[in-house]
Amino acid sequence: MLPSCRQVAVQLSEDRDEKITGFKRFALKLHLSMCRHCRRYGKQLELSTKTINLLAHKSRPDPQLKAALIDHFTQLSVQRKSEDEKPQ
Amino acid sequence: MLAARVNDLICLSRFFSRNTFEKIEKKECGLPHLFYYQVNEPSSSYPPNNGTPINCGELHLPNTEVYLVKELLAGNQKIFEKVFSDLYPLMHSVACSIAGNAIADEIIQEAWVSAIKALPKFEGRSSLKSWLVRIVANEAKTRRRKESRSVSLESMQESWATDPRFDERSHWVNPSSQWHGDTPEELLSAQELEDCLKKNIDKLPENQQVALQMRDAGGLSMEEICNILDVSPSNIRVLLHRARDKVLQVIDHFQQTGEC
């Protein structure tokens, strides 16, 4: 029993997170070999996912936030070191 | 007991087979049960080794993670800057999805302050990235609760039954069009599409947004996402499919009409 196009759309997404195996994979591949709309959907799903990843990596931190956190990190590191160096 | 000793021996032999480190010591240094090693390369050569993960007992951390934690504990500012900058996009996305853009940076700041303080207690039971994202997610949920907005990461109420793209037999009646562009860079060369995607991702239900940001934007594993959000893998898969499908439809609409 072959999956419908709607089921294939779901399975193509699931396959990105956990590989579909066994007969379900065979049926998916068979459907894809016969359905150009689903093949295109699969390619576009991959491209969309990569686009989201690229989009996310375009965001940059506010310089003030970065500076404040570096300052906090340095202060805490110095404090930690001086505590470590204290004689027991 | 015997199995644990054999595992220790395997780990040690794998360490000695690496020629990037001259001196290897096994001791606890704020990282319980982790091998501590002396790095002979300058700190600027980041990361020192991107080899296979070392499995010592329950732990499964890649060399780079052990190195990063060690350098952070030693107060290496350059490594802190690097980790902060690398993880900022993911942390920002997660904070935005849960608590909104207005307070996302405040949440990140609070999360980092907590993380820096708690770093000596980091046990390596998850990756450093996953540990930090969990702190951000928890901080965002707390802030959201304080503002009396309900957190509904488990909510799956949205109906997906009536989709005009499919006929009554669930086959395509209105499939996606051929796109002009084969790479993400080509697609995002249109600033309008970039703005349109951001706007539509912001409109996604919160649970879908968080799942999408963690998995596709941040590259976290399914296991890590399930642990952070405390949601079952099957629910995450449904959320991811709906979010990805929506993003695909937004791009497709833009490709067809040139409008958002």
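Now for a look at the structure at hand.

**Observations regarding the interface of chain A and chain B**
(1) Moving on: Across the contact, 46 residues belong to chain A and 58 residues belong to chain B.
(2) Moving on: Of the roughly 4800 Å² buried between chain A and chain B, counting both surfaces, carbon and sulfur atoms make up 67%.
(3) Moving on: Linking chain A to chain B there are four salt bridges.
(4) Moving on: In this structure, the salt-bridge partner of Glu 194 of chain B is Lys 58 of chain A, at a minimum N-O distance of 3.0 Å.
(5) Moving on: Taken together, the connections running from chain A to chain B amount to 17 residue pairs in polar contact (both at pLDDT 80 or more).
(6) Moving on: For the side of chain A that touches chain B, the elements supplying multiple residues, two or more each, are α1 (5–17), α3 (36–56) and α4 (63–85) of chain A.
(7) Moving on: Counting residues per element, the side of chain A that touches chain B draws most heavily on α3 of chain A, which supplies 16 residues.

**What to know about unusual backbone geometry**
All names here are of chain B.
(1) Moving on: Phi at Ser 170 is positive, roughly 65°, even though this residue is not glycine.
(2) Moving on: Counting through the fold element by element, Ser 170 comes out in the loop between α5 (128–146) and α6 (184–187).
(3) Moving on: Residue class for Ser 170 comes out buried when judged on its relative accessible area of 18%.
(4) Moving on: Phi is positive for Asp 230, close to 60°, though the residue is something other than glycine.
(5) Moving on: Its location among the elements puts Asp 230 in the loop between α9 (222–229) and α10 (233–257).

**Re the nonpolar core**
(1) Moving on: Judged by nonpolar contacts, the single largest core of 54 residues is most densely connected at Phe 80, Trp 112, Leu 128, Leu 132 and Met 214 of chain B.
(2) Moving on: In terms of residue count, the dominant contributor to this core is helix α3 (residues 77–99) of chain B (13 residues).
(3) Moving on: Split by domain, this core shows at least three residues from each of two domains, domain 1 (1–151) and domain 2 (184–257) of chain B.
(4) Moving on: Not counting the four nearest positions on each side in its chain, Trp 112 of chain B is found in contact with Leu 69 of chain A together with Phe 80, Val 83, Phe 84, Met 91 and Leu 132 of chain B.
(5) Moving on: With 33 residues, the next largest nonpolar core counts Leu 55 of chain A together with Trp 179, Leu 188 and Ile 201 of chain B among its residues.

**A word on helix α8 (residues 206–217) of chain B**
Residues and elements named next belong to chain B.
(1) Moving on: Taken across its 12 residues, α8 has 12 buried, putting it largely inside the fold.
(2) Moving on: Of the positions making up α8, those classed as buried are Glu 206, Asn 207, Gln 208, Gln 209, Val 210, Ala 211, Leu 212, Gln 213, Met 214, Arg 215, Asp 216 and Ala 217.
(3) Moving on: Looking one or two residues past α8, Gly 219 carries a phi angle of roughly 75°, positive in sign.

**Thoughts on the pattern of salt bridges**
(1) Moving on: Within this structure, the stated rule accounts for 17 salt bridges over all chains.
(2) Moving on: For the salt bridge of Lys 198 of chain B with Glu 194 of chain B, the shortest nitrogen-to-oxygen distance reads 3.4 Å. Note that Lys 198 of chain B and Glu 194 of chain B are positioned in helix α7 (residues 191–203) at a spacing of four residues, about one turn of the helix.
(3) Moving on: When salt bridges that share partners are traced, they join Asp 17 of chain A together with Arg 215, Asp 216 and Arg 244 of chain B into one network.

**A look at the packing of aromatic side chains**
(1) Moving on: Taken as a whole, this structure holds nine aromatic pairs over all chains when the rule is applied.
(2) Moving on: Between Phe 84 of chain B and Tyr 88 of chain B, the ring centres sit 6.0 Å apart and the planes meet at 50°, which makes this aromatic pair tilted. Note that Phe 84 of chain B and Tyr 88 of chain B are positioned in helix α3 at a spacing of four residues, about one turn of the helix.
(3) Moving on: Residues Phe 122 of chain B and Trp 131 of chain B carry aromatic rings whose centres are separated by 4.9 Å and whose planes lie at 50° to one another, so their mutual orientation is tilted.
(4) Moving on: Using a relative accessible area of 16% as the deciding quantity, one classes Trp 131 of chain B as buried.
(5) Moving on: Ring pairing ties together the aromatic residues Phe 73 of chain A together with Phe 80, Phe 84, Tyr 88 and Trp 112 of chain B, which thus form one cluster.

**Let's talk about the packing of α1 of chain A against helix α2 (residues 22–34) of chain A**
All names here are of chain A.
(1) Moving on: Packing of α1 against α2 brings their axes to within 11 Å, and their N-to-C directions diverge by 120°. Here α2 runs oblique to α1, going by the angle between their axes. In the packing of α1 onto α2, the handedness of the crossing is left-handed. On α2, the residues touching Cys 5, Val 8, Gln 11, Leu 12, Glu 14 and Asp 15 of α1 are Lys 24, Arg 25, Leu 28, His 31 and Leu 32.
(2) Moving on: Its residues assigned to classes, the contact of α1 with α2 comprises five nonpolar, two polar and four charged.

**As for the environment of Leu 239 of chain B**
(1) Moving on: Mapped onto the elements of the fold, Leu 239 of chain B is located in helix α10.
(2) Moving on: Taking C-alpha positions, Leu 239 of chain B is 4.9 Å from Gln 208 of chain B, a pair spaced 31 residues apart along the chain.

Calculation rules
Residues numbered from 1 in each chain as written. Chains lettered and ligands numbered in written order. Predicted model: local features only at pLDDT ≥ 70, side-chain atom pairs only at ≥ 80, totals over all residues. Heavy atoms only, no water. Contact = heavy atoms within 4.5 Å. Buried area = accessible area lost by both parts, 1.4 Å probe. Salt bridge = Lys/Arg side-chain N within 4 Å of Asp/Glu carboxyl O. Polar contact = N/O pair within 3.5 Å; in protein donor to acceptor, adjacent residues only side chain to side chain. Helix = DSSP H or I, 4+ residues; strand = E, 2+ residues; numbered from the N terminus. Buried < 20%, exposed > 50% of the residue type's maximum accessible area, 1.4 Å probe, protein only. Core = buried A, V, L, I, M, F, W, Y, C linked by side-chain atoms within 4.5 Å. Domains from an automatic or database assignment. Phe/Tyr/Trp six-rings, centres within 6.5 Å; stacked < 30°, edge-to-face > 60°. Axes fitted to C-alpha atoms, helices over the stretch in contact; angles between N-to-C directions. Parallel < 35°, antiparallel > 145°, perpendicular 65-115°, else oblique. Left-handed = near helix turned anticlockwise from the far one by under 90°. Nonpolar A, V, L, I, M, F, W, Y, C, P; charged D, E, K, R; others polar.

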